[in-house]
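# Working through the structure, step by step
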Amino acid sequence: MNPRRITVLGECVADAFCAPASASSELALRVLPGGGPANTAVALARLGTPARFLARLSADVFGRLFRTHLEASGVDLSYAVAAAEPSTLAVAELDAQGQAAYSFHAQNTADWQWSPGELARVDLSGTACVHTGSLALVREPGAAVVEDFLAAASPRTTISIDPNVRPLLVSPDVYRARLAHWCGLADILRLSEDDLDLLLPGTPPEQACDIWHAAGARLVVITLGADGALVSLDGERLRVPVAATRVIDTVGAGDSFTAGLLHHLEAHGLLSGRLDGLGLDEVAEACRFATRVAALTCSVAGPNPPWRDELAQSATAGKV
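These lines cover the structure that appears in this document, whether it is placed above or below.

About the criteria used
- Residues numbered from 1 in each chain as written.
- Predicted model: local features only at pLDDT ≥ 70, side-chain atom pairs only at ≥ 80, totals over all residues.
- Heavy atoms only, no water.
- Helix = DSSP H or I, 4+ residues; strand = E, 2+ residues; numbered from the N terminus.
- Expected span 1.5 Å × (residues − 1).
- Buried < 20%, exposed > 50% of the residue type's maximum accessible area, 1.4 Å probe, protein only.
- Arc of directions from axis to C-beta.
- Axes fitted to C-alpha atoms, helices over the stretch in contact; angles between N-to-C directions.
- Parallel < 35°, antiparallel > 145°, perpendicular 65-115°, else oblique.
- Left-handed = near helix turned anticlockwise from the far one by under 90°.
- Contact = heavy atoms within 4.5 Å.
- Nonpolar A, V, L, I, M, F, W, Y, C, P; charged D, E, K, R; others polar.
- Pairing = 2+ DSSP bridges.
- Right-handed = clockwise from strand over helix to strand, strands pointing away.
- Salt bridge = Lys/Arg side-chain N within 4 Å of Asp/Glu carboxyl O.
- Polar contact = N/O pair within 3.5 Å; in protein donor to acceptor, adjacent residues only side chain to side chain.
- Phe/Tyr/Trp six-rings, centres within 6.5 Å; stacked < 30°, edge-to-face > 60°.

## Observations regarding helix α2 (residues 61–72)
Helix length check: α2, at 12 residues, gives a terminal C-alpha distance of 17 Å against a target of 16 Å (1.5 Å per residue), a fit within 8%. All buried positions along α2 are accounted for by G63, F66, H69 and L70. Each buried residue of α2 sits inside an arc of 130° when the element is viewed along its axis, so together they form one side. Opposite the buried face of α2, by more than 90 degrees, sit the exposed residues V61, T68 and A72.

Here you go:
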């Protein structure tokens, strides 16, 4: 069975990583294309799922980098907007465990300027799932436009949302105020333990799942770092262990997990509509696959998800 398309909507971000410079008065930056939704689209395409990315791409040096990177990974940019505004820049500093702390340069950049007309022209025929999240859902003026697009798409396709909270750019209160509405639109809600701590401080993951189920999300997956993932389908739950790997950094791991989850569900004909007929065992299998994709992303520097052949080779070698 040939997989149907997954359409991803959201931002591209230039991830600039600090590196040692030749002089103490200088700071060297290694710039890689990133951004949660862009990472997810790249990972989907590399895994073999037809992935279309709805983005507003600047014509600046970073925007050209994004376009080259996305197209080289096989992402369909036929509905990408050629934006006049500059690209968004994030400067990342990694700690000893490979965790990244970010500072953002995102004022009036291309990613947040969606207009209704830009998304009204998108043809969703042949699309099994629309995935979005992160800053595209909370940065104005485009956030309301993106929500309206999801509401219009919801009767025709599965909706997947990853809040990917970025408190340095947008207050968690903004996410909290909109999350119940997003759950009403979404069939799948994937988020990290860091997102949980910001959205519902002090709330056990199981209780959080019940809150989000009550708001409308059928499938909730919370990734818990080294503790794997909590999977909750209509309140029926299990835990999936993490795939062991040598961690270089964790940049893009959550996005790769989401891509692995959606890819596996679509490859088995389980996406589209409201996930009717989906069982907990099938979700667990998809999450086990997703942990392997995330583990390989952690084993290399930056948001660089694996290609399908690399995943197959690692499985044969018993690496993940």
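After presenting the structure, the write-up continues.
## Let's talk about the packing of helix α1 (residues 36–47) against helix α8 (residues 253–267)
Here α1 crosses α8 at 45°, and the two axes come no closer than 8 Å. By the criterion of interaxial angle, the relationship of α1 to α8 is oblique. Two packed elements cross with a definite hand, and for α1 against α8 that hand is right-handed. Facing G36, N39, T40, A43, L44 and L47 of α1, the residues of α8 in contact are D255, S256, T258, A259, G260, L262 and H263. Classifying every residue of the contact of α1 with α8 gives 5 nonpolar, 7 polar and 1 charged.

## Topic: the environment of C129
For C129, the position within the fold is in strand β9 (residues 127–133). With relative accessibility at 0%, the residue C129 sits in the buried group. Separated by 59 residues in sequence, C129 and I188 place their C-alpha atoms 10.0 Å apart. With residues near it in sequence (within four places) discarded, C129 still touches R5, I6, T7, T157, T158, S160, L262 and L271.

## Observations concerning the pairing of strand β10 (residues 158–162)
One face of the sheet, then the other: side chains in a regular strand alternate in exactly this way. Most of β10 sits out of view: 5 of its 5 residues are buried. With 5 bridges connecting them, β9 and β10 associate as parallel partners. Bridge pairing in β10 places C129 opposite T158. Handedness of the crossover joining β9 and β10 through helix α4 (residues 143–153) is recorded here as right-handed. Alignment of β10 against strand β11 (residues 188–192), held across 2 bridges, turns out to be parallel. Residue pairing across strands places I161 opposite L189, the latter belonging to β11.

## Some remarks on the pattern of salt bridges
Inspection of every chain in the model, using the stated rule, returns 10 salt bridges. The partner of R56 in a salt bridge is E118, with the nearest N and O atoms 3.1 Å apart. Taken together, the positions of R56 in strand β5 (residues 56–58) and E118 in helix α3 (residues 116–120) put the pair 62 residues apart, joining distant regions of the chain.

## Quick word on the sheet that holds β9
On the basis of which strands lie adjacent, the open sheet formed by 8 strands has the order β4-β1-β9-β10-β11-β12-β13-β14 and mixed pairing. What marks the edges here is a single partner per strand, and that holds for β4 (51–54) and β14 (236–240). Shown here is a sheet whose adjacent strand axes are inclined to one another by a mean of 15°, direction ignored. Together, β1 (5–9), β4, β9 and β10 form the strand contacts of α4, whose direction differs from that of β9 by roughly 155°. Packed on one face of the sheet, α8 meets β1, β9, β10, β11, β12 (219–223) and β13 (229–233) and runs near 155° to β11.

## Some points on the side chain of T7
The topology assignment puts T7 in strand β1. Judged by relative accessible area, T7 falls into the buried class, the value being 0%. A polar contact is formed between the side chain of T7 and the side chain of R52, at a distance of 3.5 Å. Here the side chain of T7 touches T127 through a polar contact of 3.3 Å, side chain to side chain.

## Comments concerning the environment of A106
Here A106 shows up in the loop between β8 (100–105) and α3. Here the alpha-carbon distance between A106 and P155, two residues 49 residues apart in the chain, equals 33 Å. Among all residues touching A106, those that are not within four sequence positions of it are T88, W112, R139 and L169.

## What about the packing of aromatic side chains?
Note on aromatic pairs: each is described by the distance of the centres and the angle between the planes. Taken as a whole and judged by the stated rule, the model has 1 aromatic pair. Their ring planes at 90° and their centres at 6.3 Å tell us that Y175 and W182 sit as a pair that is edge-to-face. Per residue, the accessibility class of Y175 equals that of W182, and both read buried.

## Some thoughts on α4
All of the buried residues in α4 are A143, V145, V146, E147, F149, L150 and A153. On the buried face of α4, the contacting elements are β1, β4, α3, β9, β10 and α5 (172–185).

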